[in-house]
Amino acid sequence: DQMISARLDPILVAALKDYAAKHGASMSDVLREAALLLLEREEAQKIITFRVSVTNEHRAGIARESFNKEISVAV
């Protein structure tokens, strides 16, 4: 663990303290969770999802879907 200091707007600090109090958490817990969510969101933007559909066509021209899958690929 490493301690850091940060300068935050007083209104933001008040909102974070209020949030922490409502959820029974410390300011450190709230800031740590926010940082993790920020990093997770960035990682999620690096994933491309492909949708693959395979269909069978019948003589009457009616297509019936027989297979449908989404495939996620990290970039």
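For the structure itself, look to the data block above.
Residues numbered from 1 in each chain as written. Predicted model: local features only at pLDDT ≥ 70, side-chain atom pairs only at ≥ 80, totals over all residues. Heavy atoms only, no water.

Enquirer: Looking at this structure, how should I read helix 1 (residues 10–22)?
Expert: Three- or four-residue spacings in an α-helix give side chains the same orientation, since the helix completes a turn every 3.6 residues. Spanning 13 residues, helix 1 covers 18 Å between terminal C-alpha atoms, matching the ideal 18 Å at 1.5 Å per step. A distance of 2.9 Å separates the backbone nitrogen of Ile11 from a side-chain oxygen at the start of helix 1, and that oxygen is part of Asp9. (Helix = DSSP H or I, 4+ residues; strand = E, 2+ residues; numbered from the N terminus. Expected span 1.5 Å × (residues − 1). Polar contact = N/O pair within 3.5 Å; in protein donor to acceptor, adjacent residues only side chain to side chain.)

Enquirer: Would you explain the environment of Val73 in this entry?
Expert: In this structure, Val73 sits in strand 2 (residues 63–74). Among the residues examined, Val73 registers a relative accessible area of 35% and is labelled partly exposed. With 26 residues separating them in the primary sequence, Val73 and Ile47 have C-alpha atoms 5.5 Å apart. Beyond its immediate sequence surroundings of up to four residues, Val73 is in contact with Lys46, Ile47, Ile48 and Phe50. (Buried < 20%, exposed > 50% of the residue type's maximum accessible area, 1.4 Å probe, protein only. Contact = heavy atoms within 4.5 Å.)

Enquirer: Would you explain the pattern of salt bridges in this entry?
Expert: Between side chains of opposite charge, a pair can form as their charged atoms come close. All told, the structure shown has 2 salt bridges when counted by the stated rule. Lys22 is the partner of Asp18 in a salt bridge, and the nearest nitrogen-oxygen pair spans 3.3 Å. In this pair, Asp18 and Lys22 both sit in helix 1, 4 residues apart, roughly one turn of the helix. Its relative accessible area of 41% is what places Asp18 among the partly exposed residues. In this structure Lys22 comes out as exposed when scored by relative accessible area, which is 62%. Between Asp29 and Arg32 there is a salt bridge, with the nearest N and O atoms lying 2.7 Å from each other. Linking Asp29 with Arg32, this pair stays in helix 2 (residues 27–44), spanning 3 residues, or about one helical turn. Judged by relative accessible area, Arg32 falls into the partly exposed class, the value being 47%. (Salt bridge = Lys/Arg side-chain N within 4 Å of Asp/Glu carboxyl O.)

Scope: geometric values only; no functional claims are made or implied.
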